[in-house]
Amino acid sequence: MRVLYLLALLLLPLPTLAQGPSADWRTIRTPHFRVHYPAPSEAWTQRAAARLESIRERVAAEVGYAPPEVVDVLVSDPVADPNGMAVPILGWPRMVLWTSPPGPESVLGHYRDWSEILIVHEETHLVHLLRPSRNPVRRLLATLAPVGPIALGAPRWVTEGYATVVEGRLTGAGRPNSDLRAAILRRWAQAGKLPTYGRLASDRQGWRGMSMAYLAGSAYLEWLEEKAGPGSLRNLWARMTARSGRDFDSAFEGVFGDSPQDLYDRFRAELTWRALEAERRSAEAGPAIEGELWQDLSWTTGAPALSPEGEKLVIELSARELPSRLVVWSTAPNEKAEKEWEERRQKLLERDPEDVPAVRNRPLPREPLHTLGARDGVEPTTPRWTAGGRSVLFVRFEPDGEGFLHPDLFLWEPESDEVRRLTREADVRDPDPSPVAADPDWAVGVRNRHGLSQIVHVDLRTGEVRGITEPSVEEVYDRPRISPDGRRIAFARHREGAWRLVIRDLGSGEEAVLAPPAGGTVSAPAWSPDGRTVYAVVGDRGFIDVWAFPADGGSAPVRLTRTQGAALSPAPAPDGKALFFLSLESDGLDLRRLELTPEILAGSGPPADLPEILAPAIRPATPEPPEPFALAEVPAGRRYGLGRQEILPLIGGSDASSGGFWELGVRGGDILGRLDYLALGALSDQGWLEGGALAVAWRGWPVEVGFHLFRSEERPSEQRGTLSPRSQRGLDLERQGLELSAGWERLWSGGRLRLDGRLLREEVDPALGEDLSRTGGSLAGGFGGLRQWGQWRLTYGLTARREEGRTEGDDWSRSSGAARLGLRRKDTGLSLSWRRDGSGGTFHPSELLQLGGTETSLLPRSATFSLIPVPALPFGTLVGTEHEGQRAELSLDFLPAPLFFERHRVWTDGSLKGDWLSLAGLEWRWSTGPLPIGRVPALDVRLGAAQILEEPFPEKLFEDDIRWWLIAVWRP
């Protein structure tokens, strides 16, 4: 058959990608950990694994509990962003470590070693949350829901705040000891914007609201322990896991003497006093130096960049409900806006001379000259002007074929709005193009790949990337900037537990370190136009300001700004007379401009020497360096192979107006999902499918392959609400068979392509007629994508399938095609879909297209090709050789599920098209692919209810009948 030839083409060898199950994975084993990682991340993983056991020992001593479980650790880098995750499942805990390191301006940027602080934080989660209950009933329930009482009962601010406390205590670094935590808490307190207790755990409405569980949560826990004494937090964990069952509030009150809400209010009051006292004492030491507010912004704002002539500024802007965009503004006076504002003011006074116009305390908004929005949800970031001032170099995080994100370089010409991609999967970020007009076609950037960091040279004509520094796991690089003459670069480098400012000669490779004030950290370097000064951000005693460093290192740096929040991302004007920078505020980052007068350039002196009692509104005193974690010798990684196989019992089922079934079985597989298998048995009600199946998927190759062995019994004539037992009797059958399958999928920005090939061999025993042997093969393809403009999302998709087969010497074929289109804004949207199915050849009645029922876990997709699932209807409500279906869905934010209207008609080839069967109702759908880290197979769920509006039966079988369904389908 032709489909076999196409299937053979599909199975041709394809290149293995870097992070998916088909990659070259390795495993390192230690006494309490199994570490799984892609082979290119070997150096980072070896460094991290060497600390695992000593970190576990120190965390257990701090928390007061040592869990006996062996932890599976997964090393990856799915979105090229610093993060991690702990999964505290009793009996089989997990830890996920992402290798991309944070930069110095990140809230995570204060660390001795990235893997060290990441492991301490996530291991604290596991040690803390795996502590079991001492209550017999709860221990029994934990066998069904294997989650500990702290994980179930403690709010998010407790779990994240406590892990943050321990990260600071055991490393001497981390967020509790950082300048940025102090600056955020101080600025929020001064503005009266510290979160209420109700928003401490989670606040998606406020800027950095989700970070407050870490920042304010850790500070609150430190304050509680200071009040109640050392060991009080361990007492809280002991009370939460006690034999006497307690919720979090009662356990908390038993340790600290009052409710968590009331004590948090007291903490907020004290923190506010400390922040205001820090502001008062700072003012006594010297006035604030913040420049002028150039644009009042909100939410997250990227680093500003000025064009070579200084007439334009490009910046990345975002909002709470909008993706980021690049905006180009003129730096000239905002005369048009000023004129319009004055005209409105005059009209107001002309209408009412006694009126008082509103006070204006901020600049008027500027109209963008040009805007570049997100493309299909992928946001542009870190823009920089090229030497000629006509183009902007920027970064997008684009997916590879498996959906893992990589930062790549793009070039945007604002005048023509043309965008050109320069690199592919190069993992280059923080670019800076050459400022030399005579040599403009190159840039420098940072490449973070597989846990290794380096500074690279990028050819802007070809996209070629080559190293300037060697890839390193011990050193992290951030924001390289090219000197005006193109001969040197300045960058921040993390080495031996600290960030330092470095200048490197590109010709000789010689480096000079510019030292910050004692105890200070540096970030975000920027050259002065004459190349004699490097401006950089310095964190010192909890205050973050812009400092000026002489590039030759001949004299000490001087502090230029004096802020209460933070001055970030300096951008000097090309004439050298002013400096733009971002100012940290409680609602986001504002853009300010500072005139570089001789008085400013002379420096404002170091931050005021404030007493430690004002912490955490200032940075606490630098702790004594804790003893370094012991480095163990770890074995070389071994090939992952099939991985360690794990079993999870499954209990499920589905039910509907026409019948239902119960399923019992197991899911097996490894933590990567390389091998996934599902063994199920089902008992049905009212004629639904029952039987057993074994389905296996292998994802160790770039092409996913599998088989599905099944045996089932189907009795549509016994369903509730069936047309008539006699007419349905021809659809009753038993069958057994085997499906072989192969699938290939690729993703890209805004698009997805999936191809599937399947071969089926089955034996069919109809209730009416003789046994049948059936063989078939199919090829299916699906393409989907999205387009996004601000809050509007347009989704679309096309699918097609062709199946050919033979039954007892008779050839047959089927074809199917579908299209969908959806438009959505926030939680409101409309989607339309259309489907057409057709058949040809000689058919047994059981092979006809059948409208009604639903897909099941027992049968493979090729065995249900003739099924057109409509769970509101019984199996086989309509049968024929041709089908057309239409569906419309309307999602409204105040409804729990979308409204839908759909209609179908089924007829036999050569006859008149049948009448429509239509229905309307509510249906909620949810789907997830395999989640091997949680031992969970793929799952599709449908829950809904509908009213039949019209039907092609004279008996009006479904009239005035509310049909309902709850459907769950498992797949490996």
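Chemist: Requested: an account of the overall build of the protein, with residues and values cited.
Modeler: Of the regular secondary structure elements, the protein holds 15 helices and 49 strands. Principal-axis analysis of the C-alpha atoms places the extent of the protein at approximately 100 × 70 × 65 Å. Evaluated residue by residue, the protein yields a buried proportion of 56% over its 972 residues. A sequence separation of at least 24 residues applies to 58% of the contacts in the protein between residues at least 6 apart. Carbon and sulfur atoms make up 53% of the accessible area of the protein, which totals about 41200 Å². One way to put it: in the protein the 115 positive side-chain charges average out to a point 1 Å from where the 135 negative ones average out.

Chemist: Tell me about the sheet that holds strand E4 (residues 84-87), residues and numbers included.
Modeler: Spatially, six strands are ordered E4-E5-E3-E2-E1-E30 in an open sheet, and the strand pairing comes out mixed. The outermost strands of the open sheet, each flanked by one partner alone, are E4 and strand E30 (638-639). Pairing analysis gives six bridges linking strand E1 (residues 25-30) to strand E2 (residues 33-38), with the strands arranged antiparallel. Bridged to Thr-30 within E2 is Phe-33. Packing of helix H2 (residues 42-63) onto the sheet brings it into contact with E1, E2, strand E3 (71-76) and strand E5 (94-98), and relative to E2 it is tilted by some 165°. Sitting on the sheet, helix H3 (residues 114-129) is in contact with E2, E3, E4 and E5, with an inclination near 155° to E5.

Chemist: Outline a negative patch on the surface, listing residues and values.
Modeler: Together, Asp-247, Asp-249, Glu-253, Asp-258 and Asp-262 give the surface a local cluster of negative charge. Note on placement: Asp-258 falls in the loop between helix H11 (248-256) and helix H12 (260-285). Classification of Asp-258 by relative accessible area gives partly exposed; the value is 30%.

Chemist: I'd like to hear about the side chain of Glu-902, residue by residue, with values.
Modeler: Considering the arrangement of structural elements, one finds Glu-902 in strand E46 (residues 899-907). A distance of 2.4 Å separates a polar atom in the side chain of Glu-902 from a polar atom in the side chain of Arg-887. Those residues in contact with Glu-902, other than ones at most four positions away along the chain, are Val-870, Gln-886, Arg-887, Leu-917, Ser-918 and Leu-919.

Chemist: Which residues make up empty space enclosed by the protein, and what values do they have?
Modeler: According to the stated counting rule, one finds six cavities of 30 Å³ or more in the structure shown. Counted as a void, the largest cavity has a volume near 310 Å³. Taken together, 29 residues form the lining of the largest cavity, with Glu-714, Arg-735, Gln-850, Ala-863 and Ser-866 sitting closest to its centre. If you list the elements that add at least two residues to the lining of the largest cavity, you get strand E36 (733-748), strand E37 (751-766) and strand E40 (810-825). By volume, the second largest cavity amounts to about 40 Å³. Considering the residues around the second largest cavity, the lining is formed by Arg-56, Pro-67, Glu-69, Val-71, Glu-123, Leu-126 and Leu-130. Tallied by class, the residues present in the lining of the second largest cavity amount to four nonpolar, no polar and three charged.

Chemist: Tell me about the confidence of the model for the protein, and please be specific about residues and values.
Modeler: Confidence along the protein averages 93 in pLDDT terms, with 97% of residues attaining 70 or more. Per-residue pLDDT stays below 50 along residues 1-14; that stretch engages in 29 contacts with residues further than four places along the chain or on separate chains.

Chemist: Any chance you could break down unusual backbone geometry for me, citing the residues and the numbers?
Modeler: Residue Pro-616 is bonded to the preceding Ala-615 through a cis peptide linkage, with omega at 10°. The residue Glu-808 is not glycine, and still its phi comes out positive at about 45°. As for its placement among the helices and strands, Glu-808 is situated in the loop between strand E39 (792-807) and E40. Glu-808 sits in the partly exposed class, given a relative accessible area of 47%. You will see that Lys-826, though not glycine, has its phi angle at about 55°, which is positive. For Lys-826, the location among the structural elements is in the loop between E40 and strand E41 (828-841). The partly exposed category is assigned to Lys-826, whose relative accessible area is 43%.

Chemist: Quick one: what's the story with the packing of aromatic side chains, residue by residue and with numbers?
Modeler: Under the definition given, this model contains 26 aromatic pairs. Stacked on the ring of Phe-543, the Lys or Arg Arg-186 has its end atom at 4.0 Å from the ring centre. In this structure, Arg-208 packs its charged tip against the face of Trp-207, placed 5.0 Å from the ring centre.

Chemist: If you had to explain the packing of H2 against helix H6 (residues 156-171) to someone new, which residues and values would you point to?
Modeler: Look at H2 against H6: their axes get within 11 Å of each other, and the N-to-C directions meet at 120°. The orientation of H2 with respect to H6, classified from their angle, is oblique. Judged by the twist between their axes, the crossing of H2 over H6 is right-handed. The residues of H6 that touch H2, namely those facing Arg-58, Val-59, Glu-62 and Val-63, are Tyr-162, Val-166, Arg-169 and Leu-170. Its residues placed into classes, the contact of H2 with H6 shows five nonpolar, no polar and three charged.

Chemist: Please give an account of H12 that cites residues and values.
Modeler: Across its 26 residues, H12 extends 37 Å between first and last C-alpha, which sits within 8% of the 38 Å expected from 1.5 Å per residue. Burial in H12 covers these residues: Pro-260, Leu-263, Tyr-264, Phe-267, Glu-270, Leu-271, Arg-274, Ala-275, Glu-277, Ala-278 and Ser-282. Along its buried surface, H12 packs onto H6, helix H7 (179-190), helix H8 (197-200), helix H9 (212-228), H11 and strand E25 (543-550).

Chemist: Please give an account of H9 that cites residues and values.
Modeler: Spanning 17 residues, H9 covers 23 Å between terminal C-alpha atoms, matching the ideal 24 Å at 1.5 Å per step. Among the 17 residues of H9, 13 are classified as buried, and the element is accordingly described as predominantly covered. The positive-phi residue at the C-terminal boundary of H9 is Gly-229, with phi of around 100°.

Chemist: Explain the pattern of salt bridges to me, using residue names and the numbers behind them.
Modeler: Two side chains that carry opposite charge are able to pair once their charged atoms sit near each other. Evaluation of the coordinates by the stated rule reveals 71 salt bridges. Across the salt bridge formed by Arg-281 and Glu-277, the nearest N and O atoms sit 2.9 Å from each other. With Arg-281 and Glu-277 both in helix H12, this residue pair falls four residues apart, about one helical turn. Owing to a relative accessible area of 31%, Arg-281 belongs among the partly exposed residues under this scheme. For Glu-277, a relative accessible area of 11% gives the class buried. In this structure, Arg-836 and Glu-882 form a salt bridge, with 2.9 Å as the shortest nitrogen-oxygen distance. Note that Arg-836 is positioned in strand E41 and Glu-882 in strand E45 (residues 882-891), a separation of 46 residues in sequence. According to the relative accessible area criterion, Arg-836 is partly exposed, its value standing at 28%. According to the relative accessible area criterion, Glu-882 is buried, its value standing at 8%.

Chemist: Can you tell me about the environment of Ala-621, naming the residues and giving the values?
Modeler: Secondary-structure assignment places Ala-621 in the loop between helix H14 (598-601) and E30. Here the alpha-carbon distance between Ala-621 and Leu-873, two residues 252 residues apart in the chain, equals 70 Å.

Chemist: So, the pairing of strand E29 (residues 588-595): which residues are in play, and what are the values?
Modeler: The element E29 is extensively covered by neighbouring structure, given that six of its eight residues are classed as buried. In the sheet, strand E6 (residues 292-295) pairs with E29 via three bridges, with the strands oriented antiparallel. Across the sheet, Gln-295 pairs through a bridge with Leu-591, a residue of E29. Bridging between strand E28 (residues 578-585) and E29 involves eight bridges; their strand directions are antiparallel. Among the inter-strand pairings, Phe-581 is bridged to a residue of E29, identified as Arg-592. Linking E28 to E29, which pair antiparallel, is a turn of two residues.

Chemist: Before we move on, can you summarise the pairing of strand E31 (residues 646-656) with the specific residues and values?
Modeler: Pairing of E31 with strand E32 (residues 659-669), which is carried by eleven bridges, proceeds in the antiparallel orientation. From the neighbouring strand, Ile-651 faces E32, where its bridge partner is Leu-664. Counting the residues between successive antiparallel strands, the hairpin from E31 to E32 contains two residues. Across two bridges, the pairing between E31 and strand E49 (residues 962-971) is antiparallel. Within E49, the position partnered with Ala-656 by the bridge is Trp-965.

Chemist: Mind laying out the side chain of Ser-178, listing which residues take part and the relevant values?
Modeler: Here Ser-178 is to be found in the loop between H6 and H7. Among the polar contacts made by the side chain of Ser-178, one reaches the main-chain amide nitrogen of Arg-181 at a distance of 3.2 Å. Each residue touching Ser-178, except ones within four places of it in the same chain, is listed here: His-110 and Arg-619.

About the cut-offs
- Residues numbered from 1 in each chain as written.
- Predicted model: local features only at pLDDT ≥ 70, side-chain atom pairs only at ≥ 80, totals over all residues.
- Heavy atoms only, no water.
- Helix = DSSP H or I, 4+ residues; strand = E, 2+ residues; numbered from the N terminus.
- Buried < 20%, exposed > 50% of the residue type's maximum accessible area, 1.4 Å probe, protein only.
- Contact = heavy atoms within 4.5 Å.
- Areas by Shrake-Rupley, 256 points an atom, 1.4 Å probe, with all protein chains shown as cover.
- Lys, Arg positive; Asp, Glu negative; His and termini not counted.
- Charge placed at Lys NZ, Arg CZ, Asp CG, Glu CD.
- Pairing = 2+ DSSP bridges.
- Axes fitted to C-alpha atoms, helices over the stretch in contact; angles between N-to-C directions.
- Patch = residues over 30% accessible without salt bridge, like charges linked within 9 Å, V, L, I, M, F, W, Y side chains within 5 Å.
- Salt bridge = Lys/Arg side-chain N within 4 Å of Asp/Glu carboxyl O.
- Polar contact = N/O pair within 3.5 Å; in protein donor to acceptor, adjacent residues only side chain to side chain.
- 1 Å grid on protein atoms, 1.4 Å probe; cavity = no way out; pocket = protein on both sides within 12 Å on 5 of 7 lines; lining within 4 Å.
- Points joined across faces, edges and corners; volume = space filled by probe spheres on them.
- Nonpolar A, V, L, I, M, F, W, Y, C, P; charged D, E, K, R; others polar.
- pLDDT = per-residue confidence, 0-100.
- Phe/Tyr/Trp six-rings, centres within 6.5 Å; stacked < 30°, edge-to-face > 60°.
- Lys NZ or Arg CZ within 6 Å of the ring centre and 35° of its normal.
- Parallel < 35°, antiparallel > 145°, perpendicular 65-115°, else oblique.
- Left-handed = near helix turned anticlockwise from the far one by under 90°.
- Expected span 1.5 Å × (residues − 1).

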